[in-house]
Amino acid sequence: MAILLRGGRIWTGDPRNPWAQSLAIQDGRILAVGGDREVLQSLASRCPTLDLEGHLVVSGLWDAHIHLFEMAMARRQVCLTGCRCREELLEKIRAAARANPGTGPLLGWGWTSSDWSDRRLPDRHEIDRALGSERPALFLRSDLHSGLASTSALRRAGYLDPPPEIEGGMVEVGADGLASGLVLEMALGPLRASFAPPGKEEVRQALAETLAWLHSLGITAICDQRLKDHSEGPLCRQALAVLEGEGRLATRVVSNLAFPELEGPLPVLTGEFLRLGHVKLFADGSLGSLTARMFEPYQGQPANRGIWLTEPRGLRQEFALVSSRGLPLSVHAIGDEAVRFCLDLLAGLPRRRGGALHRMEHAQTIAEEDLGRLARLGVVASMQPTHLLDDLELAEAALGTRTRLLYRFRSLLEAGTTLAFGSDAPVADPNPFLGLHAAVHRQRPERMERGAWNPAERISLEEALRAYTYGPALACGLGDRVGRLAPGMWADLVVPDGDLFAMAREGERLDGVRPLLTVAGGQVVFRRDP
């Protein structure tokens, strides 16, 4: 079946034909793009027509770095975002305990102390009092790299007395010699595993609801990332495969593997909507938790240069094994030392030619001498512009003048690097229009009067859109099938309610833009009610 979209301003993303008025779709693919008369003549017979009424149309947006399982589960947990101080965090925990009475487990996520004037965190005793009863509880920081646990949860995981030493992680010790309640990095794994996992039907329903919500944001494709040494990947893929088999999967999901999954047979995923992606590796921690591995210590913490989530020797072995299997790798590297070490390892691997490309996830802090290396090695910089907005105060306090090394979008593009933008949700807001705002304006929407943060690294709207469309497709080896509105490509597109190009030119906020229509595979998957 064919459908004609006409009378719009269509940004195709195709450098040979960047702008058009009409677009024809047939059997899930784009049949023709061009002027109204030209596209109409390409159709063999009459078909349903949608008058775009001058609205902008862009290719379907990707989230090149999302934790789909965690996002879906987080939407069913206690939301702790927006807490402006420790007392507000504790009050939200009290409210959650009142809403969920009893002694059953309580899980939450989303707090951050980065912009608190007093960054002291609640300890386990304060959390216990807020809960009002003896119950296991874990509240993850927004970046998922640290969490606050109740006494019951710490005891159940064997973390209370004495707190164990864990490679690549830490259980903070309080003044009494017992665990304080703060748990970081690899120490989170056993603690999270002590909570019962969700059932298969709950996972399927949560994923379906979350993917439908992403459609309402204009997202038609995602790169589903893994957490280090977590086993949620197979459960997530099984649920997605069921949805695909039932014809209920209308988001293109490129599902990454956790490194331990290489020990068994690899899943075979080659469908139009569910495909196998990269092997996820981890170098260091996060900037928000001050565990990203840096060449120089964090300001005010002369003994802290961050940590290695995987020790260099082990990381070298993992790179070699992934490469020997002929698989593309996706490595988490945030601090400048971690970025350089991973680039050194990538330089020793055969360059990938055809198919998915090697990726560096986050690449937040890049030394001057390493800027051109990603392009030379054919490595995609998978970055999250919304993290820039979250890190403004923290970065200034923790890095001082080194903030010039952060989020170097312009410098990377000028060096010839392919950018693939995403959100890292649930760590950050998955709204891609907020991400476009961050990349173009480099300032929080509510304080635009302050001007751009490190303005030399701003990029244009067109460059940012390309990083949300074609860049991720290229990274996944799908650049010939999706990411541009051109004949023969999969028909994924979005009709936003604002002219992004005009708004960007006028210096207006972009975060409030929302889709009027989202189309995936030629089917309308979201339409805003009039």
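As the structure is a computational prediction, the values presented were derived from the model and not from experiment.

Conventions adopted
Residues numbered from 1 in each chain as written. Predicted model: local features only at pLDDT ≥ 70, side-chain atom pairs only at ≥ 80, totals over all residues. Heavy atoms only, no water. Helix = DSSP H or I, 4+ residues; strand = E, 2+ residues; numbered from the N terminus. Rg over C-alpha atoms; globule rule 2.2 N^0.38 Å. Buried < 20%, exposed > 50% of the residue type's maximum accessible area, 1.4 Å probe, protein only. Contact = heavy atoms within 4.5 Å. Areas by Shrake-Rupley, 256 points an atom, 1.4 Å probe, with all protein chains shown as cover. Lys, Arg positive; Asp, Glu negative; His and termini not counted. Charge placed at Lys NZ, Arg CZ, Asp CG, Glu CD. Pairing = 2+ DSSP bridges. Polar contact = N/O pair within 3.5 Å; in protein donor to acceptor, adjacent residues only side chain to side chain. Right-handed = clockwise from strand over helix to strand, strands pointing away. Core = buried A, V, L, I, M, F, W, Y, C linked by side-chain atoms within 4.5 Å. Domains from an automatic or database assignment. Buried area = accessible area lost by both parts, 1.4 Å probe. Salt bridge = Lys/Arg side-chain N within 4 Å of Asp/Glu carboxyl O. Nonpolar A, V, L, I, M, F, W, Y, C, P; charged D, E, K, R; others polar.

Peer 1: I'd like to hear about the overall build of the chain, residue by residue, with values.
Peer 2: The number of helices and strands found in the chain is 18 helices and 24 strands. Over its C-alpha trace the chain gives a radius of gyration of 23 Å, about what one expects of a compact globule, namely 24 Å for 530 residues. Dimensions of the chain, computed from C-alpha atoms along their principal axes, come out at roughly 80 × 55 × 55 Å. Each of the 530 residues in the chain was classed as buried or not, and the buried ones make up 58%. Looking at the chain alone, contacts between residues at least 24 apart form 70% of all its contacts between residues at least 6 apart. If you sum the accessible surface of the chain, you get close to 20,800 Å²; carbon and sulfur atoms cover 50% of it. Of the charged side chains in the chain, 60 are positive and 66 negative, and the gap between their average positions amounts to 3 Å.

Peer 1: I'd love a proper account of the sheet that holds strand β24 (residues 523–527), names of residues and values included.
Peer 2: Pairing is mixed in the open sheet, where six strands are placed in the order β3-β2-β7-β22-β23-β24. The open sheet has two edge strands with one neighbour each: β3 (19–20) and β24.

Peer 1: Residues and numbers for the environment of D176, please.
Peer 2: Structurally, D176 is set in the loop between β13 (169–173) and β14 (179–185). If near-sequence neighbours (up to four positions away) are discounted, D176 is found in contact with R124 and H125. There is a polar contact of 3.1 Å between the side chain of D176 and the side chain of R124. Only 3.0 Å separates the side chain of D176 from the backbone nitrogen of L178, close enough to count as a polar contact.

Peer 1: Describe the side chain of S330, listing the residues and the values that go with them.
Peer 2: Assignment of secondary structure puts S330 in strand β18 (residues 329–333). Here E361 takes part through its side chain, which lies 2.7 Å from a polar atom of the side chain of S330. If we ignore the near neighbours within four places in the chain, the residues touching S330 are Q225, N256, H278, V279, K280, L281, R359 and E361.

Peer 1: Explain the pairing of strand β17 (residues 274–282) to me, using residue names and the numbers behind them.
Peer 2: The element β17 is largely enclosed, with a buried count of eight among its nine residues. By the bridge criterion, four bridges tie β17 to β18 in an arrangement that is parallel. For L281, the partnering residue across the bridge sits in β18 and is V331. Traced from β17 through helix α9 (residues 312–324) to β18, the parallel crossover comes out right-handed.

Peer 1: Break down the nonpolar core for me, citing the residues and quoting the values.
Peer 2: Core analysis: the largest hydrophobic core is formed by 72 residues, its most contacted members being F319, M360, F409, F421, L436 and L461. Per-element tally for this core: the top contributor is helix α10 (residues 336–347), with seven residues. Judged by nonpolar contacts, the second largest core, of 25 residues, contains L68, A206, L207 and L217.

Peer 1: Describe the environment of Y468, naming the residues involved and giving the relevant values.
Peer 2: If you trace the backbone, Y468 turns up in helix α16 (residues 461–468). Assessed through its relative accessible area of 2%, Y468 is described here as buried. Counting along the chain gives 406 residues from Y468 to W62, while the straight-line C-alpha distance between them is 5.3 Å. When residues no more than four places from it in sequence are discounted, the contact partners of Y468 are G60, L61, W62, P385, F421, G422, P432, G435 and L436.

Peer 1: So what's going on with the domain arrangement of the chain? Residues and values would help.
Peer 2: According to the domain assignment, the chain consists of domain 1 (62–68 + 199–517) and domain 2 (106–194). For domain 1 versus domain 2, the separation of C-alpha centres amounts to 27 Å. Here domain 1 and domain 2 share an interface that buries about 1,500 Å² over both sides, 63% of which is from carbon and sulfur atoms. Of all residues in domain 1, S289, P426 and V427 bury the most surface against domain 2, accounting for 29% of the area lost on that side. Counting across the interface, domain 1 meets domain 2 through zero salt bridges. Counting across the domain 1 and domain 2 interface gives five residue pairs in polar contact (both at pLDDT 80 or more). Residues of the side of domain 1 that touches domain 2, tallied by class, amount to eight nonpolar, seven polar and five charged.

Peer 1: With reference to specific residues and values, describe the pattern of salt bridges.
Peer 2: Under the definition given, this model contains 36 salt bridges. Its salt-bridge partner being R466, residue E462 comes within 3.1 Å of it at the nearest N-O pair. A residue pair is termed a helical-turn pair when its members lie 3 or 4 positions apart in one helix, as E462 and R466 do in helix α16 at four residues. For E462, a relative accessible area of 32% puts it in the partly exposed group. Here the salt bridges do not stand alone but share partners, grouping R340, D344, E369, D370 and R373 into one network.

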